[in-house]
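# Coordinates in review
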Amino acid sequence: MKVQSQRFGFVENQEWVVYDELNERRNDMVENIKGHLIVSCQALPDEPLHSSFIMSRMAKAALEGGAKGIRANTVEDITEIKKTVDLPIIGIIKKDYDDSAVYITPTMREVDALVKCGVDIIAMDATIAKRPGERDLDSFFHEVRKKYPDQLFMADCSTVDEAVYADQLGFDFIGTTLVGYTPQSQAMHIEADDFKIIRDILAQVKHPVIAEGNIDTPQKAKRVLELGAYSVVVGSIITRPQVITKRFTEVIEGGK
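Only a predicted model underlies this, so the values are computations on that prediction, with no experimental measurement involved.

In space, the 8 strands of this closed barrel follow the order E3-E4-E5-E6-E7-E8-E9-E10, with parallel pairing throughout. Along the sheet, successive strands turn relative to each other by an average axial angle of 25°, direction set aside. Pairing analysis gives 4 bridges linking strand E4 (residues 69-73) to strand E5 (residues 89-92), with the strands arranged parallel. Pairing of Asn73 across the sheet is with Ile92, part of E5. With respect to the sheet, helix H2 (residues 52-64) is in contact with strand E3 (37-41) and E4, its orientation differing from that of E3 by roughly 165°.

Attention now moves to the state of the cysteines. Tallied over the full model, the rule gives 0 disulfides. Not part of a disulfide, Cys41 finds its nearest cysteine sulfur in Cys117, a span of 15 Å. A relative accessible area of 0% places Cys41 in the buried class.

A word on the environment of Asp96. Positionally, Asp96 belongs in the loop between E5 and helix H4 (108-116). Expressed as a C-alpha distance, the spacing of Asp96 and Pro132, which sit 36 residues apart in the sequence, is 9.3 Å.

Applying the stated criterion across every chain, the model contains 15 salt bridges. Lys60 is paired through a salt bridge with Glu64; the nearest N and O atoms lie 3.6 Å apart. One end of the pair is Lys60 and the other is Glu64, both in helix H2 and 4 residues apart, which spans about a single turn. Taking relative accessible area as the criterion, Lys60 reaches 29% and is therefore assigned partly exposed. Between Glu250 and Lys246 there is a salt bridge whose closest N-O contact spans 3.9 Å. Of this pair, Glu250 and Lys246 both sit in helix H10 (residues 241-254), 4 residues apart, which is roughly one turn of that helix. Several salt bridges share partner residues, and in doing so they unite Arg71, Asp156 and Glu212 into one network.

By the definition in use, this model includes 3 aromatic pairs. An angle of 85° between the planes, with centres 5.6 Å apart, marks the rings of Phe141 and Phe153 as edge-to-face. One end of the pair, Phe141, is in helix H5 (residues 137-147); the other, Phe153, is in strand E7 (residues 152-156), with 12 residues separating them in the sequence. For the residue pair Phe141 and Phe153, the accessibility class agrees, reading buried in each case. In this structure an aromatic cluster arises from ring pairing among Phe141, Phe153 and Phe171.

Within the secondary structure, Ile128 is located in the loop between strand E6 (121-125) and H5. The exposure class of Ile128 is exposed, given its relative accessible area of 63%. Ile128 sits 59 residues away from Ala187 along the chain, and the two C-alpha atoms are 16 Å apart. Setting aside its immediate chain neighbours within four residues, Ile128 contacts Glu162 and Gln184.

Along helix H3 (residues 75-84), the positions that sit buried rather than exposed are Asp77, Ile78 and Ile81. For H3, the arc enclosing every buried residue in end-on projection is 95°, short of the 170-degree limit, so these residues lie on one face. Opposite the buried face of H3, by more than 90 degrees, sit the exposed residues Glu76 and Lys83. Against the buried residues of H3 lie H2, E4, E5 and H4.

What follows covers a negative patch on the surface. On the surface, Asp96, Asp98, Asp99 and Glu134 cluster together into a negatively charged patch. Within the secondary structure, Glu134 is located in the loop between E6 and H5.

Another point: the environment of Val233. Secondary-structure assignment places Val233 in strand E10 (residues 231-234). With 143 residues separating them in the primary sequence, Val233 and Ile90 have C-alpha atoms 10.0 Å apart.

Turning our eyes to something else, we now look at the pairing of E5. Here E5 shows two buried faces, one formed by Ile89 and Gly91 and the other by Ile90 and Ile92. Following the backbone out of E4, through H3 and into the adjacent parallel E5, one traces a crossover that is right-handed. Across 2 bridges, the pairing between E5 and E6 is parallel. Bridge pairing in E6 links Ile90 to Ile121.

Each value, and the rule that gives it
- Residues numbered from 1 in each chain as written.
- Predicted model: local features only at pLDDT ≥ 70, side-chain atom pairs only at ≥ 80, totals over all residues.
- Heavy atoms only, no water.
- Pairing = 2+ DSSP bridges.
- Helix = DSSP H or I, 4+ residues; strand = E, 2+ residues; numbered from the N terminus.
- Axes fitted to C-alpha atoms, helices over the stretch in contact; angles between N-to-C directions.
- Contact = heavy atoms within 4.5 Å.
- Disulfide = S-S within 2.5 Å.
- Buried < 20%, exposed > 50% of the residue type's maximum accessible area, 1.4 Å probe, protein only.
- Salt bridge = Lys/Arg side-chain N within 4 Å of Asp/Glu carboxyl O.
- Phe/Tyr/Trp six-rings, centres within 6.5 Å; stacked < 30°, edge-to-face > 60°.
- Arc of directions from axis to C-beta.
- Patch = residues over 30% accessible without salt bridge, like charges linked within 9 Å, V, L, I, M, F, W, Y side chains within 5 Å.
- Areas by Shrake-Rupley, 256 points an atom, 1.4 Å probe, with all protein chains shown as cover.
- Lys, Arg positive; Asp, Glu negative; His and termini not counted.
- Charge placed at Lys NZ, Arg CZ, Asp CG, Glu CD.
- Right-handed = clockwise from strand over helix to strand, strands pointing away.

In structure tokens:
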């Protein structure tokens, strides 16, 4: 996919010319995630690895392991990661508001901050839930797109209908990030029936689909790419050692 925005520069002959070095770089970087792994490097304040420095080292480890992109939370973490690795970043800001269940990049304040720190893609909740201030996705995204027409956006969805709607709104990437995490998707399992939800989304949208959410084995990651996902995001099973450890201890303790 190509980013169509442009920048302007002043040259020696005193004529304004159009150039797009920044966007050519972004095009190259985004193209590089196609068919590859994106690692989600996140640790919330109550988790053992909560530290921007640690997340930057986690991103470096992901790079050394062959990851082609990073998903990260908060301006602080993203800033440190950008100092450490030269990979495309899907940026989010998780923020809780009293009047909304939406917490992934819920308002323009978070979008502004992510644009300022220069992430390649901004991801946001694209479910049916109302955003802070009782705003729906339609009005919010139109405002965001008008303000930042050249920024790439990813829709974090939980159902096929939400994915189709986000596609129609004009999100650049459609994600399955929230499958199983919302009231309307709580009975769903992303891998059920050979990833039927992903196959259904792929059949109904025109924008690239990024598979994400409980894709916790190399085999699952490979399969969603075979099905046609643009790329795949894997998080906890790579970057949250407490989660990985628990999987081992539950099997060990359960067998006693």
